[in-house]
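An overview of the molecular structure
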Amino acid sequence: MSDTAPFPVAPALADALRSADRVVALTGAGVSAESGVPTFRDAQSGLWAKFDPLELATPGAFERQPRLVWDWYGWRRELVARSRPNAAHVALAKIERRVPDFLLVTQNVDGLHAAAGSRNLVELHGNIARVRCSREGTPVSAWQDSDPQWPPRCPGCGAFLRPDVVWFEEALPAGALARADHAVANADVLLVIGTSAEVYPAAALPLRARDAGALIVEINPASTPLTAIADHALHGRAGDIVPALVAATWPADGPSRTDS
Ligand code: NAD
């Protein structure tokens, strides 16, 4: 998809984004769908089709069936390792270079925003490429996987290893949530892209931004609980709409406000 994708962008929206000093983007699994990373609400493929991701990504599932959860994350880790940033990730990295104060807050664990060049980034739910001890939280980069019944164990204490992600029912890292909350409470514009806006506390961030007076822009092919309060609800794929938004806001080759 190119920067000139023919998605109509309201001039008022382009003007608001161009003149904004503080912009936050909140992204969810939908921004990575076009990179081939399935959302939790997509039908899963192959071996994993009979499992419900919303039930595997919980501490209870890891307690009951730790090897199953470990293997599912291993499969997803490989899927993510083979995927590449799409046009939406790239366009978001461009917005960061155009806006004086920009923060990208993602619920995704796939690392694709960083791969596309985003730097001011909060990963609310961790990163699937990392593994940590389930007891002490210590990051672990190498392990023995010799027992097919159980997950590999922490070389330090012997507890099972787990992915360094935040599961449903677990608390988010306090520093990450505080940084996201502060940014949305001070934003001029909030872009909400590819999230069902149903998973809390991330889903509360748009409400906080709206209460603080930010312009709310939703980009999603489907309607969500947020659609009704969005100032602009752009229905379509992130890979089409985010580049079109950038092209309409900063027509090609225009000077960047942060270039000096
Ligand atoms: P979700 O699965 O609940 O919702 C995905 C949303 O993306 C839906 O509203 C869907 O309509 C929309 N969507 C689908 N295709 C799209 C496209 N091409 N462009 C724009 N939007 C599109 O995802 P969520 O809201 O992020 O919450 C679920 C949780 O699952 C999160 O906590 C996240 O950590 C985790 N998750 C992450 C990944 C990833 O890292 N890529 C993948 C699956 C799930």
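Residues numbered from 1 in each chain as written. Predicted model: local features only at pLDDT ≥ 70, side-chain atom pairs only at ≥ 80, totals over all residues. Heavy atoms only, no water.

1. Some words on the sheet that holds strand S5 (residues 139-140)
Adjacent strands of a sheet pair through backbone hydrogen bonds, lying either parallel or antiparallel. If you trace the 3 strands from one edge of the open sheet to the other, you get S5-S4-S6, paired in antiparallel fashion. Two strands lie at the open edges of the sheet, namely S5 and strand S6 (161-165), each paired on one side alone. Packed on one face of the sheet, helix H5 (residues 66-82) meets strand S4 (126-133) and S6 and runs near 140° to S4. (Pairing = 2+ DSSP bridges. Helix = DSSP H or I, 4+ residues; strand = E, 2+ residues; numbered from the N terminus. Contact = heavy atoms within 4.5 Å. Axes fitted to C-alpha atoms, helices over the stretch in contact; angles between N-to-C directions.)

2. Side note on the sheet that holds strand S2 (residues 101-106)
Here 6 strands make up an open sheet; going across it, the order is S3-S2-S1-S7-S8-S9 and the pairing parallel. Both outer strands of the open sheet, strand S3 (121-123) and strand S9 (232-234), are each paired with one neighbouring strand and no more. Adjacent strand axes in the sheet meet at a mean angle of 15°, parallel and antiparallel pairs treated alike. Bridge analysis of strand S1 (residues 22-27) against strand S7 (residues 189-193) gives 5 bridges, and the strand direction is parallel. Within S7, the residue paired with alanine 25 across the bridge is leucine 191. Against the sheet, helix H6 (residues 87-98) contacts S1, S2 and S7, and its axis sits at roughly 150° relative to S2. Where helix H10 (residues 238-249) meets the sheet, its contacts fall on S7, strand S8 (215-219) and S9, and the angle it forms with S8 comes to roughly 140°.

3. What to know about the site of the ligand
Taken together, 26 residues lie near the ligand, and Arg41, Gln107, Asp110, Thr195 and Ser196 sit nearest. Between the ligand and aspartate 110 there is a distance of 2.7 Å, counted from a nitrogen atom to a side-chain nitrogen or oxygen. For the ligand, the accessible surface in isolation is 850 Å², of which the surrounding protein chains cover 92%. For the shell around the ligand, the element with the highest residue contribution is helix H2 (residues 30-33), accounting for 3 residues. Among the residues forming the shell around the ligand, the class breakdown is 10 nonpolar, 11 polar and 5 charged. Among the domains, domain 1 (1-37 + 85-125 + 171-260) and domain 2 (38-82 + 129-165) are the pair contributing at least three residues each to the shell around the ligand. (Near = heavy atom within 4 Å. Polar contact = N/O pair within 3.5 Å; in protein donor to acceptor, adjacent residues only side chain to side chain. Areas by Shrake-Rupley, 256 points an atom, 1.4 Å probe, with all protein chains shown as cover. Nonpolar A, V, L, I, M, F, W, Y, C, P; charged D, E, K, R; others polar. Domains from an automatic or database assignment.)

4. Thoughts on the side chain of threonine 106
Tracing the sequence through the fold places threonine 106 in strand S2. At a separation of 2.7 Å, a polar atom in the side chain of threonine 106 contacts the side chain of threonine 27. Residues in contact with threonine 106, not counting those within four places in the same chain, are Thr27, His113, Leu121, Val122, Glu123, Leu124 and His125.

5. Concerning helix H1 (residues 11-19)
For H1, the complete set of buried residues consists of Leu13, Ala14 and Leu17. What you see down the axis of H1 is that its buried residues fit within an arc of 100°, all on one side. Pointing more than 90 degrees away from the buried face of H1 are the exposed residues Pro11, Ala12 and Ser19. On its buried face, H1 is in contact with S1, S7, S8, S9 and H10. (Buried < 20%, exposed > 50% of the residue type's maximum accessible area, 1.4 Å probe, protein only. Arc of directions from axis to C-beta.)

6. Topic: the domain arrangement of the protein chain
For the protein chain, the assigned domains read domain 1 (1-37 + 85-125 + 171-260) and domain 2 (38-82 + 129-165). Just the C-alpha atoms count here: the centres of domain 1 and domain 2 sit 29 Å apart. Of the residues lining the interface, 11 residues belong to domain 1; the matching set on domain 2 comes to 9 residues. Taken together, both faces of the contact between domain 1 and domain 2 bury some 770 Å²; the carbon and sulfur share is 59%. The three residues of domain 1 that bury the most area against domain 2 are Val37, Val109 and His125, which together make up 48% of that side's buried surface. (Buried area = accessible area lost by both parts, 1.4 Å probe.)

7. Some points on the environment of arginine 18
With respect to the helices and strands, the residue arginine 18 is situated in helix H1. Residues arginine 18 and arginine 132, 114 residues apart in the sequence, show an inter-C-alpha distance of 41 Å.

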